[in-house]
Amino acid sequence: MATTAKAITNGKRKREGGLYNSSAKRPATSPARSNETKTSTKTSTSKSTRQTLGQADAKLNGGSVIPVELQTESKTGPPSSKAVTNGVADEGPLHVQMITGSYERILHGVAATIPRHLLNSQTEDDTFAVTKPQNEDSVAFSDTFLFAAHASAIRCLSVSPSTESNWRYLATGSSDERINVYSISTAPPDTSGAAKLPSFASNPTAENPRNKSLGTLIHHDRGVTCLQFPAKGKLFSAAEDNTVAISRTRDWTMLSSIKAPIPKPQGRPSGDTAAPGQTPAGVNDFAIHPSQKLMLSVGRGERCLRLWNLMTGKKAGVLNFDRDLLAQVGESRHSSGEGRSVLWAGDGESYFVGFERGAALFGVDSQPRAIIKPSPPTKLHCYRMLPVDNKKEVLAVSTEDGRILFFDTANAESTDNDKNKLPTCHCIAQLGGSEAGVAGRIKDFAVIDSGAAHSSTVLIVAASSDGAIRLWTIPRMINNSSGTTVQQTGRLIGTLETSNRITCLDAFVLDGAAGLDETSGLNEEEFGGFDDEVGGEI
């Protein structure tokens with residue numbers, strides 16, 4: 001990617017309050033030459049915020065319960081970049097930008113051009129197909145960038161939400177303690193057939209001059225574990241130093257840092273990578289409530305869930321995991337018992353905590369409602385909410401054995417007469433697996449809505465550790481499986497072999513303007529600031 005030497009400081013600034021108005025604790029290394037500005041601090045908490053936090057004096061199985069009165073009438077924030085909905089025209093192919101990180105430090109961007117007929121509803125005889133289309137109407141892949149972005153393995157990446165601009169932010173986190181920031185063009189690839197420059201590479205990359213490297217952030221002292229853009233104006237990052245940093249994209253200043261306590265030593269759990277004599281520590285994952293006022297986090301070496309008030313930056317409560325709950329989700333006495341993933345439901349009325357071989361569904365009252373366990377048992381990796389018809393959602397989970405399982409979390413059924421056992425969410429369908437010729441683990445996947453008014457399918461982009469990126473289409477209405485056998489759903493429409501061990505993935509629809517001058521590059525004023533709607537207070 002091309003680089004820009006000037007700091008991102010131009011544009012108007014909006015007065016901000018709450019947590020995001022704190023002074024910077026550690027400056028960014030690049031771009032770092034920004035003017036120091038004074039910001040006002042809000043010390044009072046609104047009535048709605050107090051109602052949102054509630055009281056934390058209830059007890060659950062001997063452990064503290066997090067505040068339960070979440071405010072549901074507040075303005076909902078923009079959707080996560082992992083579940084994209086774009087108003088794309090029904091005519092012409094669908095262009096999707098896919099970005100992957102790998103153990104080999106490679107940041108790989110691929111544009112996929114998908115013919116519209118592949119996104120249409122399939123017939124009953126074509127419900128599931130595992131062969132790659134070979135005709136001229138198949139999915140076309142073109143590399144947009146390919147380079148070593150970090151000095152160590154890339155562990156996470158995130159793309160900012162869609163705006164009216166013709167670009168998005170891309171942030172990548174690595175074990176080298178650095179966060180690299182880029183601007184990615186949303187213009188579709190050039191399909192005019194123009195001659196390309198010769199290249200000695202076996203897989204030439206078409207460099208886009210509108211893709212810019214914006215610099216590197218050093219906000220953490222350990223490897224970065226999780227990144228998320230709740231809005232285009234803010235970047236949240238978590239690391240193994242037990243901190244969650246909040247950065248402002250206007251000038252990439254760290255506004256505040258949330259510090260989680262270091263867990264107490266409890267032996268050496270299996271799979272621990274801490275140095276001898278040190279305690280396993282680090283934030284495994286975090287999830288921001290749709291109101292963008294609350295955040296959940298789970299950490300390494302801790303058998304608990306933490307709730308944070310994003311308006312004040314302070315801890316709001318702790319939920320300890322009960323031994324009986326850990327046993328039901330597949331955590332043995334020798335397991336760490338730590339939460340590995342956390343995810344809010346789309347309506348903000350419930351959340352999921354993922355463990356190594358299972359997950360638990362909690363309500364806003366912090367009481368466990370149901371458990372999610374794959375059959376046959378296997379490790380779980382990535383959790384996403386999949387929108388279906390009738391304004392409902394199902395939970396999609398990727399597994400170690402190459403499957404994506406879909407669970408109906410609204411209708412949990414009890415399979416045991418024991419009243420102490422939680423009901424189990426029914427697996428209504430699966431995608432991939434040995435029946436589809438997919439054996440490697442699916443490390444990450446993204447859910448993309450084509451945006452067509454008459455489209456009855458949803459696109460899923462899945463990345464496997466064996467280096468394959470697979471594109472699947474699944475119907476919006478997933479039929480429940482009957483009996484004990486889980487039915488296959490969806491259709492494989494394209495496969496790309498990258499030859500890299502993929503660790504993370506994100507994807508979005510290329511819906512930007514395609515007629516801009518490619519040689520002039522981006523105007524620096526585009527990065528100077530945002531209007532109130534885009535860069536305002538979360």
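- As recorded in an unreviewed UniProt entry, the protein goes by the name WD40 repeat-like protein, listed as coming from Meristemomyces frigidus.

### Quick notes on the overall build of the protein
Then step 1. From N to C terminus, the protein includes three helices and 32 strands.
Then step 2. For the protein, the proportion of its 538 residues judged to be buried stands at 55%.
Then step 3. For the protein, restricting intrachain contacts to residue pairs at least 6 apart in sequence, the fraction spanning at least 24 positions comes to 64%.
Then step 4. Surface exposure of the protein reaches about 24000 Å², of which carbon and sulfur atoms provide 47%.

### Details of the pattern of salt bridges
Then step 1. Tallying each qualifying case throughout the model produces nine salt bridges.
Then step 2. Between Glu356 and Lys379 there is a salt bridge, and its shortest N-O distance comes to 3.6 Å. Here Lys379 lies in the loop between strand E23 (368-372) and strand E24 (380-388) and Glu356 lies in the loop between strand E21 (350-354) and strand E22 (359-363), a separation of 23 residues in the sequence.
Then step 3. In this structure, Asp449 engages Arg476 in a salt bridge whose closest nitrogen and oxygen atoms are separated by 2.7 Å. Here Asp449 is found in strand E28 (residues 442-449), whereas its partner Arg476 is found in the loop between strand E30 (468-475) and strand E31 (491-497), with 27 residues between them in sequence.
Then step 4. For Arg476, a relative accessible area of 15% corresponds to the buried category.
Then step 5. Taken together, the shared-partner salt bridges connect Arg155, Glu240 and Arg300 into one network.

### Some points on the sheet that holds strand E18 (residues 304-309)
Then step 1. Spatially, four strands are ordered E16-E17-E18-E19 in an open sheet, and the strand pairing comes out antiparallel. The sheet is open, and its two edges are formed by strand E16 (283-288) and strand E19 (314-320), each paired on a single side. For this sheet the average axis-to-axis angle between neighbouring strands, irrespective of direction, equals 25°.
Then step 2. In the sheet, E16 pairs with strand E17 (residues 294-299) via five bridges, with the strands oriented antiparallel. If you follow Ala287 over to E17, its bridge partner there is Leu296.

### Quick look at the pairing of strand E9 (residues 167-174)
Then step 1. Among the eight residues of E9, eight are classified as buried, and the element is accordingly described as predominantly covered.
Then step 2. Neither face of E9 is left uncovered, since the one carrying Trp167, Tyr169, Ala171 and Gly173 and the one carrying Arg168, Leu170, Thr172 and Ser174 both have all their residues buried.
Then step 3. Where strand E8 (residues 154-159) meets E9, five bridges bridge the pair, whose relative direction is antiparallel. Residue pairing across strands places Cys156 opposite Gly173, the latter belonging to E9.
Then step 4. Summarising the sheet, E9 and strand E10 (residues 179-185) pair through seven bridges and their orientation is antiparallel. Paired with Tyr169 across the bridge in E10 is Ser183.

### Observations regarding the sheet that holds strand E12 (residues 224-231)
Then step 1. Spatial strand order, E12-E13-E14-E15: four strands in an open sheet with antiparallel pairing. Every interior strand has two partners, whereas the edge strands, E12 and strand E15 (253-259), have only one. Taken over all neighbouring pairs, the strand axes of this sheet differ in orientation by 20° on average, direction set aside.
Then step 2. As paired elements, E12 and strand E13 (residues 234-239) share five bridges and run antiparallel to each other. Within E13, the position partnered with Gln228 by the bridge is Phe236.

### With respect to the packing of aromatic side chains
Then step 1. Tallied over the entire structure, the rule returns nine aromatic pairs.
Then step 2. Where Phe236 meets Phe286, the ring centres are 6.3 Å apart and the plane angle is 40°; that geometry is what we call tilted. You can see Phe236 sitting in strand E13 and its partner Phe286 sitting in strand E16, a full 50 residues away along the chain.
Then step 3. For Phe236, a relative accessible area of 0% puts it in the buried group.
Then step 4. The exposure class assigned to Phe286 is buried, which follows from its relative accessible area of 2%.
Then step 5. A centroid spacing of 5.4 Å and a plane angle of 10° characterise the contact between Tyr351 and Phe362, whose relative ring orientation is stacked. Of this pair, Tyr351 sits in strand E21 while Phe362 sits in strand E22, and the two are 11 residues apart along the sequence.
Then step 6. The exposure class of Tyr351 is buried, given its relative accessible area of 1%.
Then step 7. Through pairs of rings, three or more aromatic residues link up here, namely Trp167, Tyr169, Phe229 and Trp252.
Then step 8. Lying across the ring of Trp167, Lys232 places its NZ or CZ 3.6 Å from the centre.

### Things to note about unusual backbone geometry
Then step 1. Residue Pro376 follows Ser375 across a cis peptide bond; omega there is 0°.
Then step 2. Residue position: Pro376 is located in the loop between E23 and E24.
Then step 3. Phi at Ser366 is positive, roughly 65°, even though this residue is not glycine.
Then step 4. The class of Ser366 is buried, set by a relative accessible area of 0%.

### Some details on the pairing of E18
Then step 1. Extensive coverage of E18 is indicated by the burial of six of its six residues.
Then step 2. Of the two faces of E18, both are covered, the one formed by Cys304, Arg306 and Trp308 as well as the one formed by Leu305, Leu307 and Asn309.
Then step 3. Note: E17 against E18, four bridges, orientation antiparallel. Within E18, the residue paired with Ser297 across the bridge is Arg306.

About the cut-offs
- Residues numbered from 1 in each chain as written.
- Predicted model: local features only at pLDDT ≥ 70, side-chain atom pairs only at ≥ 80, totals over all residues.
- Heavy atoms only, no water.
- Helix = DSSP H or I, 4+ residues; strand = E, 2+ residues; numbered from the N terminus.
- Buried < 20%, exposed > 50% of the residue type's maximum accessible area, 1.4 Å probe, protein only.
- Contact = heavy atoms within 4.5 Å.
- Areas by Shrake-Rupley, 256 points an atom, 1.4 Å probe, with all protein chains shown as cover.
- Salt bridge = Lys/Arg side-chain N within 4 Å of Asp/Glu carboxyl O.
- Pairing = 2+ DSSP bridges.
- Axes fitted to C-alpha atoms, helices over the stretch in contact; angles between N-to-C directions.
- Phe/Tyr/Trp six-rings, centres within 6.5 Å; stacked < 30°, edge-to-face > 60°.
- Lys NZ or Arg CZ within 6 Å of the ring centre and 35° of its normal.

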